Amino acid sequence: MVEVLSQTSDQSAEFETQDLLLNVGPQHPSTHGVFRMVMTVDGEVVRDVIPYIGYLHRGAEKLCETMDFRQGIGFMDRTEYLAAFNAELSYVMAVEALADLEVPERAQWIRMILCELNRLSSHFMFLGAFGVDTGVFGTPFIYAWREREALIDLFEEVSGDRMMYAYFRPGGVAWDVPVNFVDRVREVLISATQGINDFDSLLSENEIFLARTQGVGSISATRAIALGMSGPSLRASGVDMDIRRDEPYLKYDQIDWDVITGEHGDVFDRYYCRVLEMRESIKIVKQCLEHLAPGPILPEKLPRMLRTPPGEVYLRTEAPRGEYGVYMVSKGGNRPYRCKVRSSCLSNLQALQELTIGEYVADAIVILGSIDIVLSEVDR
Amino acid sequence: MRGIAKSMARTFAVFLRKPVTRDYPTYHKPIPERDRAFPLLLWDEDIHEPFCTGCHACERACPVECMTVLMKDNPNHKNLDGTSSRRKIIDKFWIDYARCMRCNICVEVCNFDAIAMNNTWEGHEISVYDRQDLVMDLPQLLSQSRTGNINEWVPVLGQTNETMSETDAEVSN
Ligand code: SF4
Ligand code: SF4
C-alpha cells in the first residue's frame, strides 16, 4: 500500500504543469473596443487576470479645461458614445448648478425622454453584443441593430446627429424637437417593445443561454459595493440603488416606475436586469410624453458666453451603465478649472478580476460582456 | 427544450416580417432636415457673392480650431459702385473636414447666417485617399450652395416650434 501511494505521488511530480500567459486584446472583437487583458490560465481555468486600459485615452477632461462650457459638450459626447445624451446631461447639469441656471419645464421633459430613449438604445447594443459574447452569433446582434437603428433615426431627426448629438445646452436644449416628435416617439416605443419581446423569447428562456450564464461570475452585494460598481451591474447583486429615484434630478420624482434588482449577481441577472430596465424606460417615456407641454426651452436671459461664479460641484446621473458623474471646479470665467468625469464603466471594470478568477476562459469573455463596458468612457 | 423551441419560433416569426434593410448605394434613405454632416458656406443668390463677411466669429468659437478665415474689402460694395451692402467679404476660407467634429457651434455663432451644416447625402459621402484633400477651400465650400443643391436648416438657439411657426406666419403675411 505504502509503495503504491508513493508511486502515484511520484507520477504527479513528473507531470509538471505550467501556467500559460494568454493575451486578449487590445484588438479583439470580444473586448468591446481597445482593451487588453493578460490572463494566466491553468488549463481552462483563469488563475489571474490583469486588465490594461488607456488605449483610447484622448484627454477629454484636460481638453475641457481649455474649452468654454458650450464647446465642452462635444467632448462629453465622445466620452460615452453609446449614450451621449446621458453624458451630456451630467455635464450640462454640473454647469447649470455652478451658474445657478433655471431649466424650463419643457426642456427638462425633452431631456428626460431623450435620456431614457438613449438608455434603451444603449441596452439594445448591450443585448446584441452580449449575445455574440455568449456565442449566439448573428441573430441577436442583428435584432439589436434593427431596434437601435429606429431609435437613432429619431435622435437624428431631433438633434441632427446619430451618435454625437451636441443637443443639450447649459440651461436647456439647443432647439425644439420636431413638430411630429410625440408621434415619432410613440412609433419607436412600439417597435422597441417588440424588440424587447424578441430578445426575451430569444434568449431569456433559452436553455443553452441559461447554461452559459446562470451561476457564472457572481458577486455578492457587499463586494459589489466595495468595488464601487453602479448601475444595472450593481443592482443585479440585489442592491436597491438608483440615482434616478434616490436623488431625483430632472422630473423623475413625478414619474411612477420601479427600480429593478436582481438576486444572485451572476451574469444572467446582470443581463436580465437590463431587459427589465428597458421595460421600465418605456414606461417612463410614455408618462413623460403626457407631461410634454409647449413652452420655452432655454432660459430667456442666456448670455452669449456663459460665465460661472467660482465654485465646485459634483453632479451625478444614472447613465445606462451606472453612475456618470461630473466633478467641476470653476474659478470664475467661461471655462472650467477642472472637469473630472466619474466614469461608471471604469468603476465597474474594477470587479473584473474578482469576477473572472476561478472561471473558465470562455466565461471570462461572457463576464466582461456582462458588465457592459464602453472603452471610450473608461479611458476618456 | 421549451426555451430553445421558443427562440426558434421567434426567429422564424421575425424571418417572415418585412425587412428593414435597404440597398444602400442604389437607394438613399431620405435624411432629416436637421441632419449634420460638415459645415459649408452659403451663397447669396441675389447679389452673387457669399453671405460670409469673414468676421472670424466661427473661427474663434470652433473647439478644434479647424477653420481659417481671411477677409478682404468687398470690391462689389455700394461705395465702389457695386451692388452689395457688405463692406467686408470673405477672401479665403479653409475648413479641415478631417478635424471638424460637427458640433454645430460655427452655425450658432454666425451672425450672418452664412454657414450651415450640410444636410444632404453629398456631405456624408466624402471619400479621399489623401488627408490633405479634406481641407476644403472657399470654392469647394461654396459649390454646393451655388448650384442650389442644398436646402439648409439654420437653427436659432432656443427657438421653439411655436415661435418658429409665428415667424413663418409673419413672413407669409
Ligand atoms: S461664416 Fe459667419 S461667423 Fe464665420 S467668418 Fe463668415 S460671417 Fe463670420
Ligand atoms: S462644426 Fe464645430 S468643429 Fe466643425 S467647423 Fe464648425 S465649430 Fe468647428
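Cut-offs applied
Residues numbered from 1 in each chain as written. Chains lettered and ligands numbered in written order. Predicted model: local features only at pLDDT ≥ 70, side-chain atom pairs only at ≥ 80, totals over all residues. Heavy atoms only, no water. Helix = DSSP H or I, 4+ residues; strand = E, 2+ residues; numbered from the N terminus. Contact = heavy atoms within 4.5 Å. Near = heavy atom within 4 Å. Nonpolar A, V, L, I, M, F, W, Y, C, P; charged D, E, K, R; others polar. Buried area = accessible area lost by both parts, 1.4 Å probe. Salt bridge = Lys/Arg side-chain N within 4 Å of Asp/Glu carboxyl O. Buried < 20%, exposed > 50% of the residue type's maximum accessible area, 1.4 Å probe, protein only. Phe/Tyr/Trp six-rings, centres within 6.5 Å; stacked < 30°, edge-to-face > 60°. Axes fitted to C-alpha atoms, helices over the stretch in contact; angles between N-to-C directions. Parallel < 35°, antiparallel > 145°, perpendicular 65-115°, else oblique. Left-handed = near helix turned anticlockwise from the far one by under 90°. Core = buried A, V, L, I, M, F, W, Y, C linked by side-chain atoms within 4.5 Å. Patch = residues over 30% accessible without salt bridge, like charges linked within 9 Å, V, L, I, M, F, W, Y side chains within 5 Å. Areas by Shrake-Rupley, 256 points an atom, 1.4 Å probe, with all protein chains shown as cover. Pairing = 2+ DSSP bridges.

Enquirer: Please give an account of the environment of Val135 of chain B that cites residues and values.
Expert: All names here are of chain B. With respect to the helices and strands, Val135 occurs in strand β7 (residues 135-136). In this structure the C-alpha to C-alpha distance between Val135 and Arg99, which are 36 residues apart in sequence, comes to 9.1 Å. Here Val135 is in contact with Trp94, Ile95, Asp96 and Gln140, once residues within four sequence places are set aside.

Enquirer: Which residues make up the site of ligand 2, and what are the values?
Expert: Within the structure, ligand 2 sits among 13 residues, and Cys62, Cys100, Met101, Cys103 and Cys106 of chain B are positioned closest to it. Each residue belonging to the shell around ligand 2 can be placed in one class, and the counts come to eleven nonpolar, one polar and one charged.

Enquirer: Go over the interface of chain A and chain B with me, naming the residues and quoting the values.
Expert: Taken together, the contact between chain A and chain B spans 43 residues of the former and 39 residues of the latter. Carbon and sulfur atoms supply 48% of the area that chain A and chain B bury against each other, a total of about 3300 Å² over both sides. Contact with chain B buries area across many residues of chain A, yet Arg70, Trp175 and Ser201 of chain A alone supply 18% of it, more than any other trio. Taken together, chain A and chain B are joined by seven salt bridges.

Enquirer: Describe the site of ligand 1, and please don't skip the residues or the numbers.
Expert: In the vicinity of ligand 1, the contacting residues are Cys52, Thr53, Gly54, Cys55, His56, Ala57, Cys58, Val69, Cys110, Phe112, Ala114 and Ile115 of chain B. For the shell around ligand 1, the class distribution of residues is nine nonpolar, three polar and no charged.

Enquirer: Any chance you could break down helix α15 (residues 361-370) of chain A for me, citing the residues and the numbers?
Expert: Across the ten residues of α15 of chain A, nine count as buried, placing the element largely inside the fold. For α15 of chain A, every residue scored as buried is listed here: Val361, Asp363, Ala364, Ile365, Val366, Ile367, Leu368, Gly369 and Ser370 of chain A.

Enquirer: Give a description of the packing of aromatic side chains that names residues and reports values.
Expert: Two numbers describe a pair of aromatic rings. These are the distance of the centres and the angle of the planes. Residues and elements named next belong to chain A. Tallied over the entire structure, the rule returns 18 aromatic pairs over all chains. Between Phe85 and Tyr167 the ring centres are 6.2 Å apart and the planes differ by 75°, which places this aromatic pair in the edge-to-face class. In this pair, Phe85 sits in helix α4 (residues 84-99) while Tyr167 sits in the loop between α6 (139-159) and β6 (168-169), placing the two residues 82 residues apart along the sequence. The same class applies to Phe85 and to Tyr167, which are both buried.

Enquirer: Go over the packing of helix α5 (residues 105-133) of chain A against helix α12 (residues 267-291) of chain A with me, naming the residues and quoting the values.
Expert: Two measures define how a pair of helices packs: the angle their axes make with one another and the distance between the axes. Residue and element names in this part refer to chain A. Direction vectors running N to C along α5 and α12 enclose 155°, while the axes themselves pass 9 Å from each other. With respect to α12, the element α5 is oriented roughly antiparallel. Where α5 crosses over α12, the handedness of that crossing is left-handed.

Enquirer: Just give me the short version of the packing of α5 of chain A against α15 of chain A, but keep the residues and values in it.
Expert: Residues and elements named next belong to chain A. The geometry of α5 relative to α15 is characterised by a closest axis approach of 9 Å and an angle of 175° between their N-to-C directions. Taken together, the axis directions place α5 and α15 in an arrangement best described as roughly antiparallel. Within the contact between the two elements, α5 uses Phe126, Phe130 and Asp133 and α15 uses Ile365, Val366, Gly369 and Ser370. Taken together, the residues of the contact of α5 with α15 sort by class into four nonpolar, two polar and one charged.

Enquirer: Give a description of the nonpolar core that names residues and reports values.
Expert: Grouped burial of nonpolar side chains is what soluble globular proteins tend to show. Ranked by internal contacts, the top residues of the largest apolar core, which has 155 residues, are Tyr91, Leu117, Tyr167 and Met328 of chain A together with Phe93 of chain B. In terms of residue count, the dominant contributor to this core is α5 of chain A (14 residues). Once residues lying within four places of it in the same chain are set aside, the contact partners of Leu117 of chain A are Leu151, Leu154, Phe155, Val185, Leu189 and Val285 of chain A.

Enquirer: Go over a nonpolar patch on the surface, please, and point to the residues and values.
Expert: On the surface, Ile50, Tyr52 and Tyr55 of chain A cluster together to form a nonpolar patch covering roughly 260 Å² of accessible area. As for its position among the elements, Ile50 of chain A is in strand β5 (residues 45-52).

Enquirer: Before we move on, can you summarise the sheet that holds β5 of chain A with the specific residues and values?
Expert: Residue and element names in this part refer to chain A. Overall, antiparallel pairing links the three strands, which are arranged β1-β4-β5 in an open sheet. Lying at the two open borders of the sheet, with one neighbouring strand each, are β1 (20-24) and β5. Neighbour to neighbour, the strand axes of the sheet diverge by 20° on average, direction disregarded. Sheet topology places β1 next to strand β4 (residues 36-42); five bridges connect them, and they run antiparallel. Bridge pairing in β4 places Val24 opposite Met37. Strands in contact with α15 are β1, β4 and β5; relative to β4, the strand with the most contacts, it is inclined by about 150°.

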